[in-house]
Amino acid sequence: LGADSRAEPVVADGLVLVADERERLTALDGATGAVLWRIEPGLVDALAAADGSAAALLDSGRVVGLDLASGVERFDIGLPGLARGLRVEAGVVVALTDERAAGLDAASGLERWRAEGGAALAGEGAMVAVVRSGTVQLIDLVDGAVIAERPITEGAVGASRSALAIGSALVLLDTDGLLQRWELR
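Source: prediction; values computed, not measured.

Before we move on, can you summarise the sheet that holds strand β2 (residues 15-19) with the specific residues and values?
As summarised here, the arrangement of the 4 strands in space is β1-β2-β3-β4, forming an open sheet in which the pairing is antiparallel. Every interior strand has two partners, whereas the edge strands, β1 (10-12) and β4 (35-39), have only one. The mean inter-strand angle of the sheet, taken between neighbouring strand axes irrespective of direction, is 20°. Strand direction decides the pairing type here: β2 and strand β3 (residues 25-29), joined by 5 bridges, are antiparallel. Within β3, the residue paired with Leu15 across the bridge is Asp29.

An account of the nonpolar core is needed here, citing residue identities and associated values.
One finds Leu17, Leu25, Trp37, Val44, Leu47, Ala49 and Leu68 to be the most contacted residues of the largest nonpolar core, which totals 18 residues. When residues of this core are traced back to their parent elements, those giving at least two are β1, β2, β3, β5 (44-50), β6 (53-58) and β7 (62-67). The residues touching Leu68, leaving out its near neighbours within four places in the chain, are Ala12, Asp13, Leu15, Leu17, Trp37, Ala49, Gly52, Ser53 and Ala54.

Would you mind going over the sheet that holds strand β15 (residues 135-140) in detail, with residue names and values included?
Reading across from one edge, β13-β14-β15-β16 is the order of the 4 strands in this open sheet, with antiparallel pairing throughout. The open sheet has two edge strands, β13 (120-124) and β16 (146-151), and neither has a second partner. Ignoring strand direction, the axes of neighbouring strands in this sheet form an average angle of 20°. Of the strand pairs in this sheet, β13 and strand β14 (residues 127-132) are connected by 5 bridges, and their pairing is antiparallel.

Rules behind the numbers
- Residues numbered from 1 in each chain as written.
- Predicted model: local features only at pLDDT ≥ 70, side-chain atom pairs only at ≥ 80, totals over all residues.
- Heavy atoms only, no water.
- Pairing = 2+ DSSP bridges.
- Helix = DSSP H or I, 4+ residues; strand = E, 2+ residues; numbered from the N terminus.
- Axes fitted to C-alpha atoms, helices over the stretch in contact; angles between N-to-C directions.
- Core = buried A, V, L, I, M, F, W, Y, C linked by side-chain atoms within 4.5 Å.
- Buried < 20%, exposed > 50% of the residue type's maximum accessible area, 1.4 Å probe, protein only.
- Contact = heavy atoms within 4.5 Å.

This is the structure we're talking about:
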């Protein structure tokens, strides 16, 4: 691709999405490796895609929504703060900055819900976990309703922002390099 990759590559609907240091986002055919489309949205911190929709969260906090097959831009919305995490599921783009979490309609970019920002975002199925200093909230992906809230060790999430949802549990890599697990339900 001619440059170092920037964000974790994403595989969805037979495509591989790759962002690079030259501010490009490229879609490759997963079977042949052929370039299908390429855009230049800016420096991408996170990528997500599912069900024909893709999104890129830029380091500036901008969220760019795309048609996955064509790369055609559906929306470009700015969120305050620094990029932290991104998910696409069930027609919703969930973007997290350190100042705001937002659930956006994947087709139009219209805001479905808004919440306080956080340090890390993880999710599985119809829920996302927003990790903040001292708490983790389990949020319904579609309407933003808080399903559960649990206290966590203050400062549990390090600069790596590593969080993973596994079933009803959240696993974090803490600032000391140790794995911590919390049951969310």
